[in-house]
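For reference, the chains in residue letters:
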Number of protein chains: 2
Amino acid sequence: MPELVSHPIVSTSQEIASVCQAASQAAQPYAALPARDRARFLDRIAQQLECLGEALLQTANRETSLPLARLTGERSRACAQLRMFGALIRHDAWLDVRIEPGDPARHPVAKLDLRRTQIPLGPVAVFAASNFPFAFSVPGGDTASALAAGCPVVVKAHPGHPETSRLAAEAILRAARDCGVPEGTFGIVWGGPETGRALALDNNVYAVGFTGSLRAGRTLFDLAAGRRRPIPVYAEMGSVNPLFVLPGALVARGEALAQGYSDSLSLGAGQFCTNPGVLVGLEGLAFETLIDNVAERLKRIDPSPMLYDGICDAYVAGIGRLYEDRRLVCHFASDGTAAALFSVDAATFLSDPILREELFGPAAIAVRCVNLDQMRQVAEVLEGQLTATVHFEDSDVEAVRMLLPNLVRMAGRIVANGFPTGVEVSPAMQHGGPFPATTDSRSTSVGTAAILRFVRPVAFQDFPSSMLPTELRYGELAEFPA
Amino acid sequence: MPELVSHPIVSTSQEIASVCQAASQAAQPYAALPARDRARFLDRIAQQLECLGEALLQTANRETSLPLARLTGERSRACAQLRMFGALIRHDAWLDVRIEPGDPARHPVAKLDLRRTQIPLGPVAVFAASNFPFAFSVPGGDTASALAAGCPVVVKAHPGHPETSRLAAEAILRAARDCGVPEGTFGIVWGGPETGRALALDNNVYAVGFTGSLRAGRTLFDLAAGRRRPIPVYAEMGSVNPLFVLPGALVARGEALAQGYSDSLSLGAGQFCTNPGVLVGLEGLAFETLIDNVAERLKRIDPSPMLYDGICDAYVAGIGRLYEDRRLVCHFASDGTAAALFSVDAATFLSDPILREELFGPAAIAVRCVNLDQMRQVAEVLEGQLTATVHFEDSDVEAVRMLLPNLVRMAGRIVANGFPTGVEVSPAMQHGGPFPATTDSRSTSVGTAAILRFVRPVAFQDFPSSMLPTELRYGELAEFPA
């Protein structure tokens, strides 16, 4: 998404360096805190955010145009997320501890005592998103999971909601003071791409968490990979989240599909990374009816204000380009920020990668396939996605089996007979996917597994119990000293 | 390590593309094989390698100059490694399966059925190492773990041992035929850096495993990061594996330390990535005695032939540079490939990063610190390592506590009162570490956790049991169709 650069607060490069330096100095003492103290800190952040009451919500509403009901829910989600990571680290299970007691009698070579756990990577730079001022921003999932892992955090606030960011940052700093967390464990910097660049290149930063556009995410990835000491970048970027409708489902539940799809597409003015922007079906009356029904419903939805002028401008321009594209049929579009629906034949969709790119907002392209094999080709040509969805009935099982390998290949989450918006914050969630959905398909930015992005394994060989991290002090111990 | 380029076999770019294309076509059918069939394949590879008997060992001995006893042990290790991954995937535990049954009654939003498992990344390019013709080469750990994960493998044979590579590749292909594994699941390409470059850039390759020099590893990392669709590179590169000797240990076990250290340093002509090339102690009579005793022992060891002319030339040149460096004291060195020991004061060592670079071979620098604080500074300045070792007695506990955070920061494995050579192949092993030891500190190239390098998570939402991967078919299931 485009970033506002007009906001007056921009951190100087000295300020950025000094916040990162403070994070670096906090890294060892913060990592050394007992996990229950880090958990208390996370709980306390949630509490402090709640204490800000209506004032925080009003500020966010003013800055982002998101409705109060949505913001209320999002703050609850952010607080629940902080507490979820707190609960997670109160037990050691997430550390994947592996303990092998020594065996001096083993032949031909004695077996040494070997114990493996995970340690924090070091300070993490978190790039806040525009579309979730709480849950993917200053006090969001990246911050919560990095702090849970034992890493200090430096957030680059999103320029679209500076006051919301400042209030949240102050809440985190109050929580840090309340809990006696080392100074420097949390810091915040301000500005646009230049601030981001300085942060990604700072020598005290050991990993990057990012939510935003493909362009910005890729830039950060390239900067981080080009460093003398490269660092991992977890960038969650774009996705068109294709939704495949098989013939049986179309016949059995055409009305429900139209309702569910138009709701999912227009939710939050389409400003979700799981927004289902591509609808794939077999050409014919049933699919045309679905398209018409979706268009009918979209017409009835009042356009919501979008997050920022930049996003709005990009959306309107994108709709304009689609409208002028002679290959597409326009079923509904306006010159404002209303939802929009176009359609195209699969042959054209297959031939032009531009039609497969994300347009951030409530716009969709319906793709008509001449047969199931062409639908398989559409699945084959789509690049990495956060989600892929398929609607089917009993009679469609063979077709699902044919599509499924490609849905699994392309996406991090595969949805059956549902809609991709609505991302559960839970252990089994996978919110990620192959490039260009993210820069690291091996990770998730939502759910408990997100903590694994910010740790690395370490094995201790033959250490006395008293010197080991507490989670390794089990089983038969090495003698001291060996 | 430098690579021979004189060997006549070099794959053409067409050959490389066609081997990768075949791997790509095998990816889905191979991933779809039941895990027990992949396990059988791994077992069968081990069996086929054993069936090659003495002939394989003789060939490797002729090509690498490694002694037969070492090669016998290394083949056993490679076979045990293949069988270990076979045993690992016969059970689902490694998949970190997370199952959340749905709850339609949840308020305010129904909970959907969510099930998370791991799927293979796709074809993996494995770059064979020179120093382990079996265990880190064609049938080595990268191949075994990638095949276990469900990924096809394309190996770039090391030009230093082509016949050994050919025999091993044929053994794998025989095992594949015996087990009905899809054609293309295993392939091999030949050549030097140009072949490696083509492989890392091939669009059908989804990850890279590499063991070798910092220069070659970094080049592969940069190529892979610069692709339109970046791919992960697991490059295990250089390390000086510092060994810190605390005063109590020096007094209590000086003789044993000298013996253990010189054995570890000269093992296999020092051609191990865990070779302890830096010895750190407090200046004074006890440390001088240790240095003298190590030098005495090194003098008595007959120089072993090194792997290849290139490695040998680089080692001899490196020793020459150290010998001519006026800041160093030479305790023992020859103009051949014998072990060598130099010493330097910590202030000089701290000031010059070149002294902290790996010299591949049996050479070490002893570093004299004026006090424990300077020793801590040495620990602080060292970059990423595969291992860090500390020798201590009861009286040294405070000093260990001071050093330990930095040892943990720099290394993947921390050794107490032992020596870093000898890498156990087991679940608790961590063979990896921060850059420049590897390009991905979050991974290990030895032990069962190595399989995690080649998978990514996928969540299935609301799918009927019959369409799920078998490991997800537990618990209360969603109705079908939803």
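Computed from a prediction, not measured in an experiment: that's the story for all the values here.

Trainee: Hey, could you run me through the overall build of chain A in this one?
Mentor: Secondary structure assignment for chain A yields 14 helices and 15 strands. Its C-alpha atoms put chain A at 80 × 60 × 40 Å along the principal axes. A total of 482 residues make up chain A; the buried ones form 63% of that total. Here the contacts in chain A between residues at least 6 apart in sequence split such that 76% fall between residues at least 24 apart. Averaging the positions of the 42 positive and the 51 negative side-chain charges in chain A gives two centres separated by 5 Å.

Trainee: Is there a simple way to explain the sheet that holds strand S5 (residues 186-189) of chain B in this structure?
Mentor: Sheet strands line up and pair through hydrogen bonds in the backbone, either parallel or antiparallel. Residue and element names in this part refer to chain B. On the basis of which strands lie adjacent, the open sheet formed by five strands has the order S5-S4-S3-S6-S7 and parallel pairing. The strands lining the two open edges of the sheet, one partner per strand, are S5 and strand S7 (233-236). The sheet shows a mean angle of 15° between the axes of neighbouring strands, direction not considered. Pairing between strand S3 (residues 124-127) and strand S4 (residues 153-156): four bridges, direction parallel.

Trainee: Would you explain the interface of chain B and chain A in this entry?
Mentor: Facing the 74 residues of chain B at the interface are 74 residues of chain A. Buried surface at the junction of chain B and chain A, both sides included, amounts to about 6000 Å², of which 54% is carbon and sulfur. In this structure, the connection of chain B to chain A is made through six salt bridges. Note that Arg 442 of chain B is salt-bridged to Asp 440 of chain A, the shortest N-O span being 3.3 Å. Secondary structure elements with two or more residues in the side of chain B that touches chain A: strand S1 (98-100), strand S2 (114-120), helix H8 (214-226), helix H14 (397-410), strand S14 (411-416) and strand S15 (455-461) of chain B. Sorting elements by how many residues they give to the side of chain B that touches chain A places H14 of chain B first, with nine residues. Residues belonging to the side of chain B that touches chain A are distributed by class as follows: 38 nonpolar, 13 polar and 23 charged. Sheet analysis places strand S15 (residues 455-461) of chain A next to S14 of chain B, joined by three bridges and oriented parallel. Note that in S14 of chain B the partner of Phe 460 of chain A across the bridge is Ile 414 of chain B.

Trainee: Would you mind showing me how to read the state of the cysteines here?
Mentor: Covalent bonding between the sulfur atoms of two cysteines is what defines a disulfide. Residues and elements named next belong to chain B. Here the structure, examined in full by the defined rule, presents zero disulfides over all chains. Cys 273 takes part in no disulfide bond, and the closest cysteine sulfur to it belongs to Cys 312, at a distance of 19 Å. Using a relative accessible area of 10% as the deciding quantity, one classes Cys 273 as buried.

Trainee: Honestly, the packing of aromatic side chains in this entry has me stumped. Any pointers?
Mentor: One pair of aromatic rings is described through two measures. These are the centre distance and the angle between the planes. Residue and element names in this part refer to chain A. Inspection of the entire model under this criterion finds 14 aromatic pairs over all chains. Taken together, a centroid distance of 5.8 Å and an interplanar angle of 85° make the contact between Phe 460 and Phe 463 edge-to-face. One aromatic cluster in this structure is built from Phe 132, Phe 136 and Phe 272. Between Arg 70 and the ring centre of Phe 132, over which it is positioned, the NZ or CZ distance is 4.7 Å.

Trainee: I would appreciate a short explanation of the relation of the copies chain B and chain A in the present structure.
Mentor: Two copies of the chain are present, and they differ by a rotation about an axis and a shift along that axis. Expressed as a screw transformation, the operator carrying chain B onto chain A has a rotation angle of 180° and an axial translation of 0.0 Å, and the superposed copies differ by an RMSD of 0.0 Å. As the rotation angle and translation indicate, the two copies are arranged about a two-fold axis. Residues of chain B ranked by C-alpha distance from the rotation axis are headed by Ala 225 of chain B, positioned 3.3 Å from it. An overlap of 100% is found between the interface residues of chain B and their copies at the interface of chain A, pointing to a shared contact surface.

Trainee: Teacher, can you tell me more about the packing of helix H3 (residues 53-64) of chain B against helix H4 (residues 68-89) of chain B here?
Mentor: Packed helices, taken two at a time, are described by the angle between their axes plus the distance between the axes. Residues and elements named next belong to chain B. In contact at an axis separation of 10 Å, H3 and H4 are set at 120° when each is read in the N-to-C sense. Taken together, the axes of H3 and H4 lie oblique to each other. Considering how the two elements wind past one another, H3 and H4 form a crossing that is right-handed. Note on element contacts: H4 touches H3 through Leu 68, Leu 71, Thr 72 and Arg 75, opposite Gly 53, Leu 56, Leu 57, Gln 58, Ala 60, Asn 61 and Thr 64.

Trainee: Please clarify how the side chain of Thr 444 of chain B should be interpreted in this entry.
Mentor: Here Thr 444 of chain B shows up in the loop between S14 and S15. Of note is the side chain of Thr 444 of chain B, whose polar atom sits 2.8 Å from the backbone nitrogen of His 431 of chain B. With near-sequence residues (within four places) excluded, Thr 444 of chain B lies in contact with Arg 116 of chain A together with Met 429, Gln 430, His 431, Ala 449, Ala 450 and Arg 453 of chain B.

Trainee: What is the right way to read the environment of Leu 201 of chain B from this model?
Mentor: Residues and elements named next belong to chain B. Checked against the element boundaries, Leu 201 lands in helix H7 (residues 193-201). For Leu 201, a relative accessible area of 37% corresponds to the partly exposed category. When the C-alpha atoms of Leu 201 and Arg 228 are compared, they prove to be 9.7 Å apart, with 27 residues separating the residues in sequence. Not counting residues within four places of it along the chain, the set of residues in contact with Leu 201 comprises Leu 223 and Arg 227.

Trainee: Would you take a moment to explain helix H5 (residues 141-149) of chain A for this structure?
Mentor: In an α-helix there are 3.6 residues to a turn, and that puts residues three or four apart on one side. Residue and element names in this part refer to chain A. For H5, the buried fraction is high: nine of the nine residues fall into the buried class. When H5 is considered as a whole, its buried residues turn out to be Gly 141, Asp 142, Thr 143, Ala 144, Ser 145, Ala 146, Leu 147, Ala 148 and Ala 149. Immediately beyond the C-terminal end of H5, within one or two residues, lies Gly 150, with a positive phi of roughly 105°.

Trainee: Explain the pattern of salt bridges here, please?
Mentor: Two side chains bearing opposite charge may form a pair once their charged atoms approach each other closely. Residue and element names in this part refer to chain A. Under the defined criterion, the tally for this structure stands at 46 salt bridges over all chains. Here Arg 218 and Asp 222 are joined by a salt bridge, their closest N and O atoms 3.1 Å apart. Of this pair, Arg 218 and Asp 222 both sit in helix H8 (residues 214-226), four residues apart, which is roughly one turn of that helix. The partly exposed category is assigned to Asp 222, whose relative accessible area is 36%.

Trainee: What am I meant to see in the packing of H8 of chain A against H8 of chain B here?
Mentor: Packing of H8 of chain A against H8 of chain B brings their axes to within 10 Å, and their N-to-C directions diverge by 175°. One element, H8 of chain A, and the other, H8 of chain B, form an angle in the roughly antiparallel class. Contact with H8 of chain A, carried on its side by Arg 218, Phe 221, Asp 222, Ala 225 and Gly 226 of chain A, involves Arg 218, Phe 221, Asp 222, Ala 225 and Gly 226 of chain B of H8 of chain B and no other residues of that element. Considered class by class, the residues forming the contact of H8 of chain A with H8 of chain B number four nonpolar, two polar and four charged.

Cut-offs and rules
- Residues numbered from 1 in each chain as written.
- Chains lettered and ligands numbered in written order.
- Predicted model: local features only at pLDDT ≥ 70, side-chain atom pairs only at ≥ 80, totals over all residues.
- Heavy atoms only, no water.
- Helix = DSSP H or I, 4+ residues; strand = E, 2+ residues; numbered from the N terminus.
- Buried < 20%, exposed > 50% of the residue type's maximum accessible area, 1.4 Å probe, protein only.
- Contact = heavy atoms within 4.5 Å.
- Lys, Arg positive; Asp, Glu negative; His and termini not counted.
- Charge placed at Lys NZ, Arg CZ, Asp CG, Glu CD.
- Pairing = 2+ DSSP bridges.
- Axes fitted to C-alpha atoms, helices over the stretch in contact; angles between N-to-C directions.
- Buried area = accessible area lost by both parts, 1.4 Å probe.
- Salt bridge = Lys/Arg side-chain N within 4 Å of Asp/Glu carboxyl O.
- Nonpolar A, V, L, I, M, F, W, Y, C, P; charged D, E, K, R; others polar.
- Disulfide = S-S within 2.5 Å.
- Phe/Tyr/Trp six-rings, centres within 6.5 Å; stacked < 30°, edge-to-face > 60°.
- Lys NZ or Arg CZ within 6 Å of the ring centre and 35° of its normal.
- Least-squares fit on C-alpha atoms with pLDDT ≥ 70 in both.
- Parallel < 35°, antiparallel > 145°, perpendicular 65-115°, else oblique.
- Left-handed = near helix turned anticlockwise from the far one by under 90°.
- Polar contact = N/O pair within 3.5 Å; in protein donor to acceptor, adjacent residues only side chain to side chain.

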